[in-house]
Structure formats: C-alpha cells, structure tokens
Amino acid sequence: MTYKLAVLACIMLFANLAFAHGNEKHVIGTVTKVSQGSVTVETTASTTVEVTIISDTKFTKGDSSATPKDLLVGDRVVIHAVPTEDGKLIAHTVQIGVAKASVQSH
Amino acid sequence: MKKGNVMLLVLLAAAAVVIGAAASLIRRGFSAREQPSVVESYLATSVRNLAVPSRAKHEKNPFVPSSELLAEASAHFANHCAVCHADDGSGDTLFGKGLYPKPPDMRMRGTQRKSDGELYYTIENGIRLSGMPAFGEEGTGDGDPDTWKLVLFIRHLPNLNAAELKHMEQLNPKTDEERREEKEEEEFLRGNRPQAQSSKSHHELGE
C-alpha cells in the first residue's frame, strides 16, 4: 500500500505542463524570400505568408530529402505548417518543387 | 525534540506536499497533450517490461530481411501503423501527438534495443492503458508471418530513405479529399499547375 501511494505521489509530483498542438495548414506557392529561420511565400491566391523554419522541419525535393540550403527564391513549395497561438506558422514539412516558378507580374 | 515528533513532522510535511500537488493537478485538469514525466515514463516502462513473458522475449524472427519483405512490410506499416507511429516511425502525427503516453520514436534505442520477440509480442498483444491495440488474432501464437515481417521493418526504420518514405505516403489511409489535395500539390510542385488558381482546399492558406 505504501509503495502504491509512493508511486502515485511520484506521478503527480513530476507531471509536466501541456504543449500546444494545432491543425496543419497547407501553404502552396512560390518562395519570395529566404531568411535565417523563416521563408516567405507568395501563395497561389496572391497572398504573402511567412513560415518559421525550425530544426525539426523536414525538407524534401522530388523523391529525395533536402536541406534548408536547397530552398531558393523562385522555388515552388508546398509547406505543411502548424499555427501557434500567437499567429505564427511553424513548418512541419517543406516540399520543394522540381520546377521553377515562372516570373509573375504584379 | 523527540525523534518520534520529528518523524511525524516530516510525514505531515510530505503529506501536505502530496495533497497540494494533487489539488493543483485536479484544479488544472489532465490533458493527453502532456508529456509523461521521466519518473512516470520509468515506472510505466518498468511495468510494461514485466508484462512481456520471458519466453516471448527470446523468440527469434523466422524471416531474414530482403527488399521484397521490407517492401511488403512497409506497405503494411503505412496502412495500419503510420496513423499513430508515422511512416518513419517517429510518432510525429496528429494522433501520435495526442496520445498519452505518446508513441515512442521507434528509430531510437528505446525500441531498437528490444528483442525481436518483445517487438512481436507488443504488436500482437498491444500495451494496456495506452493507445497501442493488440493486432494479433487469437490462436496465431508466435506464428503470424505479417507481424514478424513488421518486426523486420521496425529494424529497418533507422535506415529508411526518402524514396521509401515517399512510396509509403501513397499507401497511407486517406480520404478522397486528402488524395485530391495531395495530387494537386504534386502537380503544382512539378509545374503542371499555374501559380495563380481558384481551386483551394478548406485548410489551404491564401483563400
């Protein structure tokens, strides 16, 4: 009995705080800016979206894995990102297109 | 102060801490989004290890890895397991993140150091009080070939390459809507869709 109470006490004392998780958003468009820790995309609906890149963000190009260095202005991308409570988008996966985007007039 | 009184004070202080922690937890509520603490994980893992019979731990996989068997098992994994464990075994999925306890990163030592028999037993019998169901059918004993092939695939997870992952993604259970979105995204990446378009999914940004 004492052992069970000790186990229960340990579990309660060492329980941690929750972390947030939201629904993934898909950002589809063309890279207009690549910065340290973020990428800016002009979406297919002509809106501009900035997505944060973190160390866990996975990059692919075609059937191969890629790195943040493979991401260039003008690349077509599909980014699956998780929104945070403060309105940021954290990239979960970044798929880089094998085709370059054509030049658009604004 | 007498030794007995000191002991009583220590016990009362410990009880106060426990009651305070319990009250705090109850007021805050319990969420499956939380990460189990180190102590809780240790206790749960210890109990779980005891739950696998020693006979099962020493069972050997009757299959040896080959590209054909791994391809077959990866398709099985993508269809049945990836919804919680992810194709790469990381557990980084919507369902995986919401479970308590979370599925482990199966590429890491915690899973890879388990014996083939332990992995087989876990797939067949599940893990009580967790999200891991028992996939084995009664009467198959140690002889379900599909489960042994999954064990082969779990051993292969640390070496999974991008092409294998891409193939598995195509085999994941999806709704018609998800398949349509995926197809549109692939066409866009290949340059087969214009940059400006009107067709958007419900969770695509830029509408």
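Residues numbered from 1 in each chain as written. Chains lettered and ligands numbered in written order. Predicted model: local features only at pLDDT ≥ 70, side-chain atom pairs only at ≥ 80, totals over all residues.

Considering the overall build of chain B
For chain B, the helix and strand inventory stands at eleven helices and zero strands. Element order for chain B, N to C, with α for helix and β for strand: α-α-α-α-α-α-α-α-α-α-α. Relative to its full complement of 207 residues, chain B shows a buried share of 19%. Counting only contacts in chain B whose residues sit at least 6 apart along the sequence, the fraction spanning at least 24 positions is 64%. (Helix = DSSP H or I, 4+ residues; strand = E, 2+ residues; numbered from the N terminus. Buried ≥ 20, exposed ≤ 12 C-beta atoms within 10 Å, placed from the backbone. Contact = placed C-beta atoms within 7 Å.)

A few points about the overall build of chain A
Summing up its helical and strand segments, chain A has one helix and seven strands in all. The buried share among the 106 residues of chain A stands at 27%. When contacts within chain A are restricted to residue pairs at least 6 apart in sequence, long-range pairs at least 24 apart make up 52% of them.

Overview of unusual backbone geometry
Of the consecutive residues B:Y100 and B:P101, the connecting peptide bond is found in the cis state with omega at 0 degrees. Even without being glycine, A:S46 reaches a positive phi, approximately 65 degrees. By the element assignment, A:S46 lies in the loop between β2 (38-43) and β3 (48-52). For A:S46, a count of 12 C-beta atoms within 10 Å puts it in the exposed group.

A look at helix α11 (residues 176-189) of chain B
All names here are of chain B. With 14 residues, α11 should reach 20 Å at 1.5 Å per residue; the first-to-last C-alpha distance of 20 Å fits that figure. Turning to α11, its buried residues are E181, E184, E185, F188 and L189. Down the axis of α11, the buried set is contained in an arc of 135 degrees. They therefore lie on one face. Across from the buried face of α11, at angles greater than 90 degrees, the exposed residues are D176, R179, K183 and E187. Phi turns positive one or two residues past the end of α11, at G191, with a value near 85 degrees. (Expected span 1.5 Å × (residues − 1). Arc of directions from axis to C-beta.)

Considering the pairing of strand β1 (residues 25-35) of chain A
Regular strands have side chains that alternate between both faces of the sheet. Residue and element names in this part refer to chain A. As defined by bridge partners, β1 adjoins strand β6 (residues 75-83) across six bridges and the pair is classed as antiparallel. Bridging across to β6, I28 finds its partner in V78. Across six bridges, β1 lies against β2 in antiparallel orientation. In the sheet register, K33 faces β2, and the bridge partner there is T40. Between β1 and β2, which follow one another and run antiparallel, lie two residues, and G37 among them has a positive phi close to 90 degrees. (Pairing = 2+ DSSP bridges.)

Some points on the packing of helix α8 (residues 116-125) of chain B against helix α9 (residues 145-156) of chain B
Residue and element names in this part refer to chain B. Taken N-terminus to C-terminus, the directions of α8 and α9 make an angle of 120 degrees; their axes are 9 Å apart at the nearest point. As summarised for this structure, α8 and α9 are arranged oblique, according to the angle between their axes. The two elements α8 and α9 cross, and the hand of that crossing is right-handed. Note on element contacts: α9 touches α8 through T147, W148, L150, V151 and I154, opposite D116, L119, Y120, I123 and E124. (Axes fitted to C-alpha atoms, helices over the stretch in contact; angles between N-to-C directions. Parallel < 35°, antiparallel > 145°, perpendicular 65-115°, else oblique. Left-handed = near helix turned anticlockwise from the far one by under 90°.)

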